[in-house]
Amino acid sequence: METINTTKDIRQQPTTPTPEASGEQGGERMFTQDDVNRIVSERLARLKNDLSQRDETIKKLEEASGDAEAIREELRRYKEEDAARKKAEEEAKTDRILTEAAEQALDGIEFVNEFTRNHFVSELKKAIVDPVNKGKEAAAIFREMTKDMDHIFRNPQLEPLKLPGVDKHGFGSMNVENLISAAFKPKT
């Protein structure tokens, strides 16, 4: 069994001198005012050093916090840009699919000009997406769109004839004498 020492060793604990105490008594050390000032000064210096280190740590943490906020903001901006890019890619893919469907429906149809064609491709893409036209083929939608419209398709019968000019008949210049001789010239 161990015995526990309950007596206090006075030499292990520093004590502050009292005005009544003078010199050393019973192995106690007496501190002078210079010693107390030195000890207090050292302790204050350590506390000031600790406080300055804490201030630096707080400053670094605040800077890091600002950096973290900047990083969060940049991450948010990157996420928004990525979402916008994905949305644009999806819209481009959808537009490409709709354009292919519209072009397939308009295959073989000649419009009066490219402007008219581009307009109807655009309108047909909008009509394909419209829920009213769900289940209809693109060609049927286009026929409905253009059934009562005139002058949008190229019609060779409406194109002006390409006639040679008056002077391009092969008889020389067109004066009265040449016209009469050409009119009464025997056919061979």
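See the structure above.
Here the structure is a predicted model, which means the values were calculated and not measured.

Moving on to the overall build of the protein. Helix and strand content of the protein: four helices and zero strands. Its helices and strands in sequence order give the protein the pattern α-α-α-α, from N to C terminus. Within the protein, the proportion of its 188 residues that are buried is 11%. The long-range fraction of contacts in the protein, counting pairs at least 24 apart against all pairs at least 6 apart in sequence, stands at 39%.

In terms of nonpolar packing, the biggest core is built from 12 residues, these being Ala-102, Ala-105, Leu-106, Phe-111, Phe-120, Val-121, Leu-124, Ala-127, Ala-138, Ile-141, Phe-142 and Ile-152. Contributing elements (two or more residues each) for this core: helix H1 (33-105), helix H2 (114-129) and helix H3 (138-146). Discounting chain neighbours no more than four positions away, the residues touching Ala-127 are Asn-133, Ile-141 and Met-145.

Here we come to the packing of H1 against H2. Where H1 meets H2, the closest approach of the two axes is 9 Å, and the angle between their N-to-C directions is 115°. Helix-helix and strand crossings are classified by hand; for H1 and H2 the assignment is right-handed. Here Asp-95, Leu-98, Thr-99, Ala-101, Ala-102, Glu-103 and Ala-105 of H1 come into contact with H2, specifically with Arg-117, Val-121, Leu-124, Lys-125, Ile-128 and Val-129. The class makeup of the residues in the contact of H1 with H2 is eight nonpolar, one polar and four charged.

The subject of this paragraph is the packing of aromatic side chains. If you walk through the whole model with that rule in mind, you get three aromatic pairs. Their ring planes at 90° and their centres at 6.0 Å tell us that Phe-120 and Phe-142 sit as a pair that is edge-to-face. Remark: Phe-142 occurs in helix H3 and Phe-120 occurs in helix H2; sequence separation between them is 22 residues. One aromatic cluster is present, formed by Phe-111, Phe-120 and Phe-142 through successive ring pairs.

What counts as what
Residues numbered from 1 in each chain as written. Predicted model: local features only at pLDDT ≥ 70, side-chain atom pairs only at ≥ 80, totals over all residues. Heavy atoms only, no water. Helix = DSSP H or I, 4+ residues; strand = E, 2+ residues; numbered from the N terminus. Buried < 20%, exposed > 50% of the residue type's maximum accessible area, 1.4 Å probe, protein only. Contact = heavy atoms within 4.5 Å. Core = buried A, V, L, I, M, F, W, Y, C linked by side-chain atoms within 4.5 Å. Axes fitted to C-alpha atoms, helices over the stretch in contact; angles between N-to-C directions. Left-handed = near helix turned anticlockwise from the far one by under 90°. Nonpolar A, V, L, I, M, F, W, Y, C, P; charged D, E, K, R; others polar. Phe/Tyr/Trp six-rings, centres within 6.5 Å; stacked < 30°, edge-to-face > 60°.

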